[in-house]
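Residue-level structure breakdown
Take a look at the letters that make up each chain.
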Amino acid sequence: MSNIIQLLERMGQDAALQTEADKLQTIEESQISAEQKELMINRKGDELAESLKTSKDIICFLIPAKDEEEENESETKEESDNKSAVNQ
């Protein structure tokens, strides 16, 4: 599977592979299976992902960070509580 990933990475990074002829030549010269070559040439991305047993879904989670102001307020409150406990 790493050969197909390396090929896809190269095709995404190499500006020289902008023409259809260059893409076809690169695919033909690659060390991937004949089935994968045919799927890439025919632009069958879903079938290619299926043959690799990968998911094309991307899941993203965003977890908000605490605001610095809230942290400073809670630290200040804790410090004042500590000081009042010591002063008693």
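As the structure is a computational prediction, the values presented were derived from the model and not from experiment.

Here we come to the overall build of the chain. Broken down by element type, the chain carries five helices and zero strands. Its helices and strands in sequence order give the chain the pattern α-α-α-α-α, from N to C terminus. The buried share of the chain, reckoned over its 88 residues, is 16%. Pairs at least 24 residues apart make up 30% of the contacts formed inside the chain by residues separated by at least 6 positions.

Turning to the pattern of salt bridges, a few remarks are in order. Taken as a whole and assessed by the stated rule, the structure comprises one salt bridge. Measuring nitrogen to oxygen at the nearest pair gives 2.7 Å for the salt bridge that ties Glu 20 to Arg 43. Here the residue Glu 20 occupies a position in helix H2 (residues 20-29), and Arg 43 occupies one in the loop between helix H3 (34-41) and helix H4 (45-51), the gap between them amounting to 23 residues. Arg 43 sits in the exposed class, given a relative accessible area of 60%.

The next subject is a negative patch on the surface. On the surface, Glu 35, Glu 38, Glu 47 and Glu 50 cluster together into a negatively charged patch. Contributing elements (two or more residues each) for the negative patch: H3 and H4. Within the secondary structure, Glu 35 is located in helix H3.

Running from N to C, helix H1 (residues 2-13) and H2 cross one another at 160 degrees; their axes reach a closest spacing of 11 Å. Classified by the angle their axes make, H1 and H2 are roughly antiparallel. Judged by the twist between their axes, the crossing of H1 over H2 is right-handed. Contact residues: Leu 7, Arg 10 and Met 11 in H1; Lys 23, Thr 26 and Ile 27 in H2. Split by residue class, the contact of H1 with H2 holds three nonpolar, one polar and two charged.

Our focus in this paragraph is the nonpolar core. Side chains of nonpolar character tend, in soluble globular proteins, to be buried together. Ranked by size, the top nonpolar core spans eight residues in total: Ile 4, Leu 7, Ile 27, Ile 32, Leu 39, Met 40, Leu 48 and Leu 52. Looking at this core, the elements with two or more residues in it are H1 and H3. Residues in contact with Ile 4, not counting those within four places in the same chain, are Ile 32, Gln 36, Met 40, Leu 48 and Leu 52.

What follows is about the side chain of Thr 26. Position of Thr 26 relative to the elements: it lies in helix H2. Residues contacting Thr 26, with those up to four places away along its chain left out, are Leu 7, Arg 10 and Leu 17.

Let us look at the environment of Met 40. Note on placement: Met 40 falls in helix H3. On the basis of relative accessible area, Met 40 is assigned to the buried category, the value being 12%. When near neighbours in sequence (up to four residues on either side) are disregarded, Met 40 contacts Ile 4, Leu 7, Leu 8, Met 11, Ile 27, Ile 32 and Leu 48.

About the thresholds
- Residues numbered from 1 in each chain as written.
- Predicted model: local features only at pLDDT ≥ 70, side-chain atom pairs only at ≥ 80, totals over all residues.
- Heavy atoms only, no water.
- Helix = DSSP H or I, 4+ residues; strand = E, 2+ residues; numbered from the N terminus.
- Buried < 20%, exposed > 50% of the residue type's maximum accessible area, 1.4 Å probe, protein only.
- Contact = heavy atoms within 4.5 Å.
- Salt bridge = Lys/Arg side-chain N within 4 Å of Asp/Glu carboxyl O.
- Patch = residues over 30% accessible without salt bridge, like charges linked within 9 Å, V, L, I, M, F, W, Y side chains within 5 Å.
- Areas by Shrake-Rupley, 256 points an atom, 1.4 Å probe, with all protein chains shown as cover.
- Lys, Arg positive; Asp, Glu negative; His and termini not counted.
- Charge placed at Lys NZ, Arg CZ, Asp CG, Glu CD.
- Axes fitted to C-alpha atoms, helices over the stretch in contact; angles between N-to-C directions.
- Parallel < 35°, antiparallel > 145°, perpendicular 65-115°, else oblique.
- Left-handed = near helix turned anticlockwise from the far one by under 90°.
- Nonpolar A, V, L, I, M, F, W, Y, C, P; charged D, E, K, R; others polar.
- Core = buried A, V, L, I, M, F, W, Y, C linked by side-chain atoms within 4.5 Å.

The quantities given are spatial measurements derived from coordinates; they are silent on function.
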